Amino acid sequence: LKAQRLLLVLSLALTLVPNMAFVRSLRRCGEKVPDIFMQFGLEQQFRFVSHPGVFAVSKILEMRTISQMRANFTEENIEKIKGFDPDLARKAQIAYDNKLPVNFQQLELIEDILPRLLDEKKQLGAARESAAKLPAGGPYELPKSVDVSACRPIPGQKDIQGTLMELPEAKYPGLTAKVVPGIAQVQQIAGGSSGTAPVKKE
């Protein structure tokens, strides 16, 4: 009799415990993800409480080899720039007229790299539309038809367009070869010849 009771208790335990664990796990999946305390910024750090997804995006933004911050000019910004640098204000007007988000390195070269920036804008717009159509739950893979050939910087690129080396190479040709031996330089940055030229390692 005792053995039968023991077997009954064991069978109930083996049945109820997994079911209870499964119910509790489903209940936990349905709950809202708790906010977390996070820090953003390198030179000027600030801390805040937000969703973990915000934390992930903010960390990606901090990685300068992965992302590049840009901003859109306003008419008010351009008027203020005119007070100390009319030529820079003229370049800012080009970015404003074409509705291009740029950083100050790109702004310095905008007259030469404008065609690429316009192509990049179109390609990024198409990529965003394709990403928005991806089904919830995945798979999260962009179609192979998405073209990002004009986007810079981008993983695997063979030139210095859009990188921190682009402006120094335009102002001081050959400098990047001394700083980063073996890098492939783009001569068509500030009115140079077309194509790429490999740099010999010293």
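Scroll up to find the structure this text is about.
This write-up is about the structure you can find in this document. Worth saying up front: this structure is predicted, and the values here are computed from it rather than measured. (Residues numbered from 1 in each chain as written. Predicted model: local features only at pLDDT ≥ 70, side-chain atom pairs only at ≥ 80, totals over all residues. Heavy atoms only, no water.)

1. Notes on the overall build of the protein chain
Each helix and strand in the protein chain was counted, giving eight helices and four strands. For the protein chain, the sequential pattern of α-helices and β-strands runs α-β-β-α-α-α-α-α-α-α-β-β. The proportion of buried residues among the 202 residues of the protein chain is 25%. Considering only contacts in the protein chain between residues 6 or more positions apart, those separated by 24 or more positions represent 31%. Of the roughly 14800 Å² of accessible surface on the protein chain, a fraction of 61% belongs to carbon and sulfur atoms. (Helix = DSSP H or I, 4+ residues; strand = E, 2+ residues; numbered from the N terminus. Buried < 20%, exposed > 50% of the residue type's maximum accessible area, 1.4 Å probe, protein only. Contact = heavy atoms within 4.5 Å. Areas by Shrake-Rupley, 256 points an atom, 1.4 Å probe, with all protein chains shown as cover.)

2. Regarding unusual backbone geometry
Backbone torsion omega between R152 and P153 reads -10°, so that peptide bond is classified as cis. Summarising the element assignment, P153 is placed in the loop between α6 (110-132) and α7 (166-171). Residues other than glycine seldom take positive phi values, yet K99 does so here, at roughly 55°. Within the fold, K99 resides in the loop between α4 (86-97) and α5 (104-108).

3. Considerations on the nonpolar core
F73, I81, A92, V102, L107, I110 and L117 are the most contacted members of the largest nonpolar core, which totals 18 residues. For this core, the elements supplying multiple residues, two or more each, are α3 (75-82), α4, α6 and α7. With sequence-adjacent residues up to four places away left out, I110 is seen in contact with K91, I94, A95, V102 and L117. (Core = buried A, V, L, I, M, F, W, Y, C linked by side-chain atoms within 4.5 Å.)

4. As for empty space enclosed by the protein
Under the defined criterion, the tally for this structure stands at one cavity of 30 Å³ or more. Of the pockets and cavities examined, the largest cavity occupies roughly 50 Å³. Contributing to the lining of the largest cavity are Q68, N103, Q105, Q106, L109, G162, T163, E166 and L167. Of all the secondary-structure elements, those providing two or more residues to the lining of the largest cavity are α5 and α7. (1 Å grid on protein atoms, 1.4 Å probe; cavity = no way out; pocket = protein on both sides within 12 Å on 5 of 7 lines; lining within 4 Å. Points joined across faces, edges and corners; volume = space filled by probe spheres on them.)

5. Some points on the pairing of strand β2 (residues 46-50)
For strand β1 (residues 36-40) and β2, the ladder comprises five bridges, and the chain directions are antiparallel. Bridge pairing in β2 links I36 to S50. In sequence, β1 turns back onto β2 through a hairpin of five residues, with G41 there showing a positive phi of about 110°. (Pairing = 2+ DSSP bridges.)

6. Digging into the packing of α4 against α6
Helix-helix packing is characterised by the crossing angle of the two axes and by the distance between the axes. Taken N-terminus to C-terminus, the directions of α4 and α6 make an angle of 10°; their axes are 11 Å apart at the nearest point. Judged by the angle between their axes, α4 and α6 are roughly parallel. Together, R90, K91, I94 and A95 of α4 and I110, E111 and L114 of α6 make up the contact between the two elements. (Axes fitted to C-alpha atoms, helices over the stretch in contact; angles between N-to-C directions. Parallel < 35°, antiparallel > 145°, perpendicular 65-115°, else oblique.)

7. Some details on the pattern of salt bridges
Going through the model one piece at a time under the given rule, you end up with ten salt bridges. For R70, the salt bridge is made with E120, and the minimal N-O distance between the two is 2.7 Å. Highlighted residues: R70 in the loop between α2 (52-62) and α3 and E120 in helix α6, separated in sequence by 50 residues. When the shortest N-O distance is used, the salt bridge between K82 and E79 registers 3.2 Å. Taken together, the residues span about one helical turn, with K82 and E79 both in helix α3 at a distance of three residues. The structure contains a network of salt bridges with shared partners spanning D87, R90, K91, E108, E111 and K171. (Salt bridge = Lys/Arg side-chain N within 4 Å of Asp/Glu carboxyl O.)

8. Re the layout of surface pockets
Estimates place the volume of the largest pocket at around 720 Å³. Residue assignment for the lining of the largest pocket shows that the elements contributing at least two residues are α2 and α5. Tallying contributions element by element places α5 first for the lining of the largest pocket, with three residues. The residue inventory of the lining of the largest pocket, partitioned by class, reads 14 nonpolar, 13 polar and four charged. (Nonpolar A, V, L, I, M, F, W, Y, C, P; charged D, E, K, R; others polar.)

9. Description of the environment of K32
Mapped onto the elements of the fold, K32 is located in the loop between α1 (2-30) and β1. As for K32 and H51, which are separated by 19 residues in sequence, their C-alpha atoms are 9.9 Å apart.

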